[in-house]
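The lines below spell out each chain.
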Amino acid sequence: MTGILGGDRFISAEPINKGWSEDKKYCVTDTDGVKYLLRITPIERYEVRKSLFDMLEQVAALGVPMCLPIEFGSAHGVYSLQSWIYGEDLEAVLPLLSETEQYVLGLKSGEIIKKMHEIPAPDTQEEWAVRFNRKTNHKIKTYRECGIRFDGDDYMLEYIENNRRLLENRPQCFQHGDYHVGNMMMERGELKIIDFDRYDFGDPWEEFNRIVWSAVASPPFATGQLRGYFGGEPPLEFFKLLAFYIASNTLSSIYWAIPFGQSDLDTMMKQSQDVLRWYDNMQNPVPSWYLKDFYIQYTDGVPYKLKAPFDFSFFGKYGKVFKVFDDQDSGNICFGIADGNTRYFIKFAGAPTERGTVTAEEAIINLKQATPIYRDLAHANLIKLINAKDIGAGYAVVFEWVDAICAQKMYPADYKAFRALPLEIKHQIFTDIMEFHAYITAKGYVAIDFYDGSIMWDDQNQRTIICDIDFYQKSPYIGRMGLWGSSRFVSPEERTDGAIIDEVTTVYTMGATAFCLLANSDRSAEAWPLSPDLYAVAQKAVSDERDKRQQSIRQLIDEWEVAR
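Cut-off values and rules
Residues numbered from 1 in each chain as written. Predicted model: local features only at pLDDT ≥ 70, side-chain atom pairs only at ≥ 80, totals over all residues. Heavy atoms only, no water. Pairing = 2+ DSSP bridges. Helix = DSSP H or I, 4+ residues; strand = E, 2+ residues; numbered from the N terminus. Axes fitted to C-alpha atoms, helices over the stretch in contact; angles between N-to-C directions. Parallel < 35°, antiparallel > 145°, perpendicular 65-115°, else oblique. Contact = heavy atoms within 4.5 Å. Nonpolar A, V, L, I, M, F, W, Y, C, P; charged D, E, K, R; others polar. Salt bridge = Lys/Arg side-chain N within 4 Å of Asp/Glu carboxyl O. Buried < 20%, exposed > 50% of the residue type's maximum accessible area, 1.4 Å probe, protein only. Left-handed = near helix turned anticlockwise from the far one by under 90°. Core = buried A, V, L, I, M, F, W, Y, C linked by side-chain atoms within 4.5 Å. Expected span 1.5 Å × (residues − 1).

Turning next to the pairing of strand 16 (residues 385–391). The pairing of strand 16 with strand 17 (residues 394–400) spans six bridges and is classified as antiparallel. Counted as the bridge partner of Asn387 is Val398 from strand 17.

This next bit is on the packing of helix 12 (residues 423–442) against helix 13 (residues 503–519). The geometry of helix 12 relative to helix 13 is characterised by a closest axis approach of 10 Å and an angle of 170 degrees between their N-to-C directions. Between helix 12 and helix 13, the angle is such that the two are roughly antiparallel. When helix 12 is examined against helix 13, the residues Leu423, Lys426, His427, Ile429, Phe430, Ile433, Met434, His437 and Thr441 are found in contact with a partner set consisting of Glu503, Thr506, Met510, Thr513, Ala514, Leu517 and Leu518. For the contact of helix 12 with helix 13, the class distribution of residues is nine nonpolar, five polar and two charged.

Under the criterion given, the structure shown has 38 salt bridges. Its salt-bridge partner being Arg134, residue Glu126 comes within 2.8 Å of it at the nearest N-O pair. Overall, Glu126 belongs to the partly exposed group, its relative accessible area being 31%. Its salt-bridge partner being Arg546, residue Glu493 comes within 3.0 Å of it at the nearest N-O pair.

Further remarks concern the environment of Ala413. Relative to the helices and strands, Ala413 is located in helix 11 (residues 412–419). Overall, Ala413 belongs to the partly exposed group, its relative accessible area being 41%. A C-alpha to C-alpha distance of 31 Å links Ala413 and Glu362, two positions 51 residues apart in sequence.

The strand order 13-14-15-17-16 describes an open sheet built from five strands, whose pairing is antiparallel. Both edges of this open sheet fall to strand 13 (320–325) and strand 16, since each of them pairs with a single strand only. Looking at each pair of strands side by side, their axes are set apart by 25 degrees on average, direction ignored. Contacts between helix 10 (residues 360–376) and the sheet are confined to strand 14 (332–339), strand 15 (342–349), strand 16 and strand 17, with strand 17 contributing the most and set at about 30 degrees to the helix.

So, on to the environment of Gly511. Tracing the sequence through the fold places Gly511 in helix 13. Placed 247 residues apart in sequence, Gly511 and Asp264 show a C-alpha to C-alpha distance of 44 Å. The contact partners of Gly511, leaving out residues within four places of it in the chain, are Ala538, Ala541 and Val542.

Now for the packing of helix 12 against helix 15 (residues 553–563). Running from N to C, helix 12 and helix 15 cross one another at 150 degrees; their axes reach a closest spacing of 9 Å. When the interaxial angle is binned, helix 12 and helix 15 end up roughly antiparallel. Here the hand of the crossing between helix 12 and helix 15 comes out left-handed. Contacts between helix 12 and helix 15 involve His427, Phe430, Met434, Glu435, His437, Ala438 and Thr441 on the former and, on the latter, Ile553, Arg554, Leu556, Ile557 and Trp560.

Turning our eyes to something else, we now look at the pairing of strand 17. Within strand 17, six of the seven residues are buried, which leaves it mostly tucked inside the rest of the structure. Between strand 16 and the antiparallel strand that follows it, strand 17, lie two residues; Gly392 among them carries a positive phi value of about 55 degrees.

Glancing now at the side chain of His437. Tracing the backbone shows His437 in helix 12. Beyond its immediate sequence surroundings of up to four residues, His437 is in contact with Ala447, Phe450, Ile466, Tyr472, Thr506, Met510 and Ile553.

With that settled, the discussion passes to the nonpolar core. Residues Phe418, Ile429, Ile469, Tyr472, Trp528 and Trp560 are the most contacted members of the largest nonpolar core, which totals 70 residues. For this core, the element with the highest residue contribution is helix 13, accounting for ten residues. Residues in contact with Phe418, not counting those within four places in the same chain, are Ile405, Cys406, Ala407, Lys426, Ile429, Ile455, Met456, Trp457 and Leu517. Within the second largest apolar cluster, 69 residues are counted, among which are Trp128, Phe239, Phe244 and Tyr245.

Strands belonging to one sheet form pairs held by backbone hydrogen bonds; the direction of such a pair is parallel or antiparallel. Strand order in this open sheet of three strands is 18-20-21, and the pairing throughout is antiparallel. With partners counted over all chains shown, the strands left at the sheet margins are strand 18 (405–406) and strand 21 (463–466), one partner each. Here four bridges tie strand 20 (residues 455–458) to strand 21, and the two strands are oriented antiparallel to one another. The residue of strand 21 that forms the bridge with Met456 is Ile465.

Bringing helix 10 into the picture now. Over its 17 residues, helix 10 runs 25 Å from end to end, which matches the ideal 24 Å to within 8%, given 1.5 Å per residue. Residues Ala363, Ile364, Asn366, Leu367, Ala370, Thr371, Ile373 and Tyr374 constitute the buried set of helix 10.

On to unusual backbone geometry, then. Of note, the amide linkage connecting Ser475 to Pro476 takes the cis form, showing an omega dihedral of 0 degrees. Checked against the element boundaries, Pro476 lands in the loop between strand 22 (473–474) and strand 23 (477–478). Even without a glycine there, the phi angle at Asn169 is positive, about 60 degrees. Take Asn169: it is sitting in the loop between helix 5 (153–162) and strand 7 (173–175). Assessed through its relative accessible area of 70%, Asn169 is described here as exposed.

All quantities given are derived from atomic positions and should not be read as evidence of function.
In structure tokens, the structure reads:
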């Protein structure tokens, strides 16, 4: 190693191969064990890199969360040393978050870029309309000459020509230049901004021309970014100008991608069609990914989404909210609430939930009907009911809180952790679920709407928790179309009006549960991780013909034990 890497200052230097920069990048560790980001550039780029380092110092002085500039110099090249971010790429984190969490991060990103835009452009900066019209002319000319066209390009070209007036009298300021989820990270829950290599000065609204990447990754994040920037709904003039900038960028992305190969070109060609779809062939300046009705409310600093404001102040009698589950289609919204060391899980019906498929009134009726079921079926593996009451223009059911992970995809971080559980743990969970359903069958009930969202694992106590039995019914139950239930779990009779739903139906549900837990709902023999004998037992349970299934849960358990 030469230059700054050649002395005894750093004990290790790990190359970083991500990104499009010409720089050589390293994660270096000094003799005290502190990590830094080291970037090395050819010496002829000294002035360019010095200007960038000076700008980073200005941005950091605003309190922007970022890699902090520490040292700049030359040693067989130009180098800059910046603080290291101990975190993950936001692109990897977002899919593991709820839509509400994604939206709140978007709000934060909008507030951050708003702060950056406080840095003014130099007084010598060319007037924006002149500069950007010239740039646009170049993009159009180069696009037309590159030999590759995308379907619908005439809509974009027409929109650009008809809206050049929007560039007039625009203010200018510092721009990050490449502001999207690919240049953001999460460090201990805090959003951090990276890669200022393309910084520039120009119209602050042009900064959002890269939001196409964020919108593909997460519409809630992209929506939140705009609202965070504007402190509410963006004006229509912004959307019109943003469509102009995105159309211009879409044209240039085609010829930009050609030297990088077919894969990158295919990506940009697809993006051109995405943009045309979002803007209805440039007829609607508000893109379809923008979530107009996404309303966020806070209780004790915890965000959650609703269709409209709702007063939850009555929860103060239970303690402080620390967690909210707002993605249920049942019409319920659930809260984790702590009163000192005592924590509760409260399921509430009556609020205008964003995902609910029933009215608030119907949700209240359903939850009231569910309460006695939890009392009647109290069990070591069932979430513990504490009380239930009419409260706050709705109905609340209070349960004991359990620190556990859920098996359902709607909770991505939990789902990832659940899928990673050892096979023997998943097997134990399935055994516990079968025993619970033998118990509810003996009590005269049939399982309705049991699915992976009902399954939790308490790793600390090595305990299976069943958390949702709201729609269980006394057996036999006469089915009807539209009955609650996941398509991966419901039996043929549950899809038939007037069919009998009974213990044999619950056998089917248990078979579907086996495939869900052990084979990720793949019912092929190739995907089955246990013995062929156990596969045969599970396959028998999910037979479409009722008389070919095990005729009781106890028979299913006995056959399973024998096959083990």
